[in-house]
Amino acid sequence: MSINLSIIVPHDFKDFRNEGKVREYIENTFDKFRAWFGMQNVSDEVVIDPESGEYSFRLTPLDMTFYLTNGYWCIETYRNYSRYFWRNENNQWWYRNLVFDAVRAMGLKSAFICSEFNSWNSRLDEEICTFEDWVKYSCDETETFASIEDIPVFHAKDMPLYTAESDKRVYYDYRQKYLDNFEESIDKLASLEALHPECEILMTTQIGHFLLVKINGKTTLINSKTGTPLLDDAIDGVDNTLNCAGIVIRKEGKAALFSNSGKQLTNFREGDFAWKWADIGNHCPLGYLFREIIDKASGQSWIEPE
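Residues numbered from 1 in each chain as written. Predicted model: local features only at pLDDT ≥ 70, side-chain atom pairs only at ≥ 80, totals over all residues. Heavy atoms only, no water.

Caption draft 1: Seen up close, the sheet that holds strand S10 (residues 218–223). Spatially, the three strands line up as an open sheet ordered S8-S9-S10, and their pairing is antiparallel. The open sheet terminates on both sides in strands that have one partner only, identified here as strand S8 (200–201) and S10. The pairing of S8 with strand S9 (residues 210–215) spans two bridges and is classified as antiparallel. Opposite glutamate 200, over in S9, you have lysine 214 as the bridge partner. Against the sheet, helix H1 (residues 19–37) engages S8, S9 and S10, with an angle of about 95° to S9. (Pairing = 2+ DSSP bridges. Helix = DSSP H or I, 4+ residues; strand = E, 2+ residues; numbered from the N terminus. Contact = heavy atoms within 4.5 Å. Axes fitted to C-alpha atoms, helices over the stretch in contact; angles between N-to-C directions.)

So this is what it looks like as C-alpha cells:
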C-alpha cells in the first residue's frame, strides 16, 4: 500500500468561515503562483466548493494541489512519502527538490512534511483544526509532539542512497513528520544560477531534460546542461503531469506534447493529454512499468517517447 506525502505550510488567514474572503484569498494566492511560473492563457485550476468544504487550486508545473484548511495549507503531491527520502546515484533528491520549488514559490525557505496519515487521511477536522493542533497530532502513539521543537529536522546525511540496483522493497524507519530547511536544494539552486546566470531559475527540478526559467521576464524551457531554449518563443505554461513520461507546453490557449528529450510530438492544438501504465507486460530499463501517453484530442498514444 502506498502512503502519500503531504506538505504542511501554516498561514495567517483568519476568515476561513467567510466564503467571500476565502475566495479572494485563494484566487490572490493562485495569482501569485501564476505570476511566478509565468502561467498565461491557462484553464482555471481554482476550486471553491462550500458544500464539500474544498478550497483549492492545482499547479500543473508542479503537479500538486494546494488545499486551504482552517490553520494551514495542506499541499498534496500524489507521490509516495518514502520516495521523499531517496537520493539517486547523482546525489539528487528529485521529490524533495520539487517540494522546495513549491515552497520557494510561496516565498518561504522551510516547510513541514508528513505522511497522509497526519494530514487529510487522519482524524483531524481540517475545518476547525489549527496549525497548533496539527503540530500536536500524531497517528503513531509512539511519537508525540508537544510543540514544533519536538518535530525532527530533516538531515540529509541520515537518509539512504537509492540506486537502480537497490532493493526497492527495503523500508526505512521514517518519522511521521519533519521540518525541512532544504539546505541541499538551496545549494542546487545556487549551482544552477551560476551555470545559467542569464536566467531566473523557476524550478530546480528538471522537466524532462529541461529547466523552467525566465529570460528577460519571459517564461521558457532551457536545456539543463547547455542552456539552449527548447522553443524560440516564450511559452504560456508547462504541464508536468505525465509522471515524467513527457512534457506538455502551452501557448496561446493551446497545448503540444514533447518528449523528455525535446522532440515535438504534436502540433499546438486544443485538448489535453493523460498517462497510464502501459499494458505490455514488461518493465523498462529503470525497473518500473512502461508509461503510455494518450492524446485526448485524437486518441493517439506513445509509450515512453524518446
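After that view of the structure, there is still more to cover.
Caption draft 2: Representation of the sheet that holds strand S13 (residues 254–258) within the structure. Strand order across the open sheet formed by three strands is S11-S12-S13, with antiparallel pairing between neighbours. Sheet topology places strand S11 (237–239) and S13 at the edges, where each strand pairs with a single neighbour. The sheet shows a mean angle of 30° between the axes of neighbouring strands, taken without regard to direction. Sheet topology places strand S12 (residues 247–251) next to S13; five bridges connect them, and they run antiparallel. Counted as the bridge partner of isoleucine 247 is phenylalanine 258 from S13.

Caption draft 3: Fine view of unusual backbone geometry. In this structure, tyrosine 78 takes a positive phi of about 60° despite not being glycine. Counting through the fold element by element, tyrosine 78 comes out in strand S5 (residues 72–80). Look at tyrosine 78 and you get partly exposed, because its relative accessible area is 45%. You will see that glutamate 252, though not glycine, has its phi angle at about 50°, which is positive. (Buried < 20%, exposed > 50% of the residue type's maximum accessible area, 1.4 Å probe, protein only.)

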